[in-house]
Amino acid sequence: MTRPLDKVLGARLPDPPDALRRGPLADGAFPSPLHTERRASRVGVWLGSGFVVCFLTGLISHLIQQPPSWFVWPAGPVWLYRVTQGTHVMVGLALIPLLLVKLWTVYPKLFSWPPAATPAKAVGRISILVLVGSAVFMLVTGLINISQWYPFGFSFKVAHYWTGWVAVGAVLTHVGSYAPQIRRGLARRGTAASVAGLSPAEVDAAYATTDAEETGAVSRRAFVTTAAVATGAVALTQWGQTISPLAQVSVLAPRIPGVGPQGLPVNQTGITAGVTESAVDPAFRLVVEGPTPLSLSLADLQAFPQHTERLPIACVEGWSASADWTGPRLRDVLDAAGHPRGTVVHVESIQTGGSYRVSTVGRPHSASDKTLLALQLNGVELDIDHGYPVRLIAPNRPGAMQTKWLGRIAPGAAGVGS
Ligand SMILES: Nc1nc2c(c(=O)[nH]1)N[C@H]1C(S)=C(S)[C@@H](COP(=O)(O)O)O[C@H]1N2
Ligand SMILES: [Mo]
């Protein structure tokens, strides 16, 4: 029999050696009535939607932290970033079991030979490799990142961001090249049968719950239930990072609401940041550059009108926790330094190194009356781990940009070398 690919190649593609066609790679390994286009397509819709949600929420987080000139992120509602980033991590974690489910539904096809009948199908097969590879990379590095273990020599942020584009490209290519199968798979049974040229009985046979003892296979209902429970359970472990009653099940999430100094989690402590001496130095001053430069002691900061706002810290890693923060408004201090309302500034920590020692405060946040130079947390002087003597806290902003241990505020966005 000449196969289409052989025509393209001008020769018969040799079969893989028998040694490779053993165990799980053998033809017909793991038979299951769930290896159907219908199941694969339906799981694929969930998986694809999850990918899109992760991609968009990830893009938002990226743009907030590295804003191009056209991008302005609003200062409200205060909880928006908490929701987009919580969703990003929760859906991303839920994609891990879903991806495994999807691979199961297409299992026999993964090793079918010849690898593709036509060049178009070859593109489809390759898209699976790229898709699975990039998905596994993102999910695994993402998981490692949120467990605060950084064993790799590359920047998680950069790698995760670019792999996201690769994955979305592969998803689109995949959907495009498998469009007929997906359309058939999602069609109703009668339609599917006629499109696929199968008799209704053949279709029923393919979908039927096979006797478990005969094939060792799971029933369709058990499969869907298990997949949904596994996916939901993983998502719940993420919710535990934000919703207190779920903290006990938060096994994948190291930060627990209500645990940490002053009942709030901490990523970088005063000790790891190396600020234990400089932060408590009585000579401490917050320098504010501007038309009227200021050098403010803690007492000076306390002399400004004090305001209290209930705002969440929403870490990119998915945990978030709300607290009452008290201190002068950033905009009052900028007013005193002679800056027009809404001036873009950057805030710098007295911490000498680290990725999060500087952050830019854009126009909406600079003008917002909810952006504080916090001196107190839940009515008590800040713990050193939360940024004593003064930290920035602004509404609707990634935790990584809620800079602790402030030492200097200057006009303009944080640039290279600042
Ligand atoms: N100077 C400085 N500020 C920082 C950080 C840091 O490492 N250094 N970490 C940031 C990150 S990633 C988060 S999530 C929040 C956490 O604030 P918390 O420790 O008060 O909960 O602080 C932010 N502010
Ligand atoms: Mo963070």
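Criteria and thresholds
- Residues numbered from 1 in each chain as written.
- Chains lettered and ligands numbered in written order.
- Predicted model: local features only at pLDDT ≥ 70, side-chain atom pairs only at ≥ 80, totals over all residues.
- Heavy atoms only, no water.
- Near = heavy atom within 4 Å.
- Polar contact = N/O pair within 3.5 Å; in protein donor to acceptor, adjacent residues only side chain to side chain.
- Areas by Shrake-Rupley, 256 points an atom, 1.4 Å probe, with all protein chains shown as cover.
- Nonpolar A, V, L, I, M, F, W, Y, C, P; charged D, E, K, R; others polar.
- Buried < 20%, exposed > 50% of the residue type's maximum accessible area, 1.4 Å probe, protein only.
- Helix = DSSP H or I, 4+ residues; strand = E, 2+ residues; numbered from the N terminus.
- Pairing = 2+ DSSP bridges.
- Axes fitted to C-alpha atoms, helices over the stretch in contact; angles between N-to-C directions.
- Parallel < 35°, antiparallel > 145°, perpendicular 65-115°, else oblique.
- Contact = heavy atoms within 4.5 Å.
- pLDDT = per-residue confidence, 0-100.
- Left-handed = near helix turned anticlockwise from the far one by under 90°.

- As recorded in an unreviewed UniProt entry, the protein chain goes by Oxidoreductase molybdopterin binding domain-containing protein and comes from Klenkia soli.

1. Topic: the site of ligand 1
In step 1: P265, Q351, H386, R391 and K404 are the nearest of the 19 residues found near ligand 1.
In step 2: Interatomic distance of 3.3 Å between a side-chain N/O atom of Q268 and an oxygen atom of ligand 1.
In step 3: Q351 is positioned such that a nitrogen or oxygen atom in its side chain is 2.7 Å from a nitrogen atom of ligand 1.
In step 4: Across the complex, the protein chains shield 98% of the 530 Å² of accessible surface that ligand 1 would expose by itself.
In step 5: When the residues that make up the shell around ligand 1 are grouped by side-chain class, the tally is 8 nonpolar, 8 polar and 3 charged.

2. Notes on the pairing of strand β4 (residues 320-327)
In step 1: Among the 8 residues that make up β4, 6 are buried, leaving the element largely enclosed by the rest of the structure.
In step 2: Of the strand pairs in this sheet, strand β3 (residues 307-314) and β4 are connected by 8 bridges, and their pairing is antiparallel. Bridge pairing in β4 places I313 opposite A321.
In step 3: Hairpin connection, β3 to β4: the antiparallel pair is bridged by 5 residues, and G318 has positive phi, about 105°.
In step 4: Pairing analysis gives 2 bridges linking β4 to strand β8 (residues 376-377), with the strands arranged antiparallel. Counterpart to T326 in the pairing with β8 is Q376.

3. Re the sheet that holds β4
In step 1: One open sheet holds the 4 strands; their spatial order is β3-β4-β8-β9, and the pairing between them is antiparallel. Each edge of the sheet is formed by a strand with only one pairing partner; in this case those strands are β3 and β9 (380-381).
In step 2: Inspection of the sheet shows β8 paired to β9 by 2 bridges, in the antiparallel sense. Bridge pairing in β9 places Q376 opposite E381.

4. Details of the sheet that holds strand β11 (residues 406-411)
In step 1: Strand order in the open sheet made by the 5 strands is β2-β1-β11-β5-β6, with mixed pairing throughout. Every other strand in the sheet has two partners, leaving β2 (294-296) and β6 (358-361) as the edge strands with one partner each. Averaged over all pairs of adjacent strands, the angle between strand axes in this sheet comes to 15°, irrespective of strand direction.

5. So, the packing of helix α6 (residues 156-177) against helix α7 (residues 179-186)
In step 1: Interaxial distance between α6 and α7 falls to 5 Å at its minimum, and their mutual angle equals 75°. One finds that α6 runs roughly perpendicular with respect to α7. Contacts from V175, G176 and S177 of α6 reach α7 at A179, P180, Q181 and I182.
In step 2: The residue makeup of the contact of α6 with α7, split by class, is 4 nonpolar, 3 polar and no charged.

6. Description of the confidence of the model for the protein chain
In step 1: The pLDDT averaged across the protein chain works out to 84; a share of 84% of its residues lies at or above 70.
In step 2: Considering only residues more than four positions removed or in separate chains, one finds that residues 248-252, a stretch of pLDDT under 50, has 12 contacts.

7. Notes on the packing of helix α5 (residues 119-146) against α6
In step 1: Running from amino to carboxyl end, α5 crosses α6 at an angle of 150°, the nearest separation of the two axes being 8 Å. Viewed along their axes, α5 and α6 adopt a mutual orientation that is roughly antiparallel. Judged by the sense of rotation from one axis to the other, the crossing of α5 with α6 is left-handed.
In step 2: Classifying every residue of the contact of α5 with α6 gives 13 nonpolar, 12 polar and no charged.

8. Description of the side chain of T84
In step 1: Within the secondary structure, T84 sits in helix α3 (residues 80-105).
In step 2: Setting aside its immediate chain neighbours within four residues, T84 contacts T57 and I60.

9. Points about the environment of W405
In step 1: Among the structural elements, W405 can be located in the loop between β10 (391-393) and β11.
In step 2: Since its relative accessible area comes to 2%, W405 is described here as buried.
In step 3: Taking the C-alpha atoms as reference points, W405 and V275, separated by 130 residues in sequence, lie 7.9 Å from one another.

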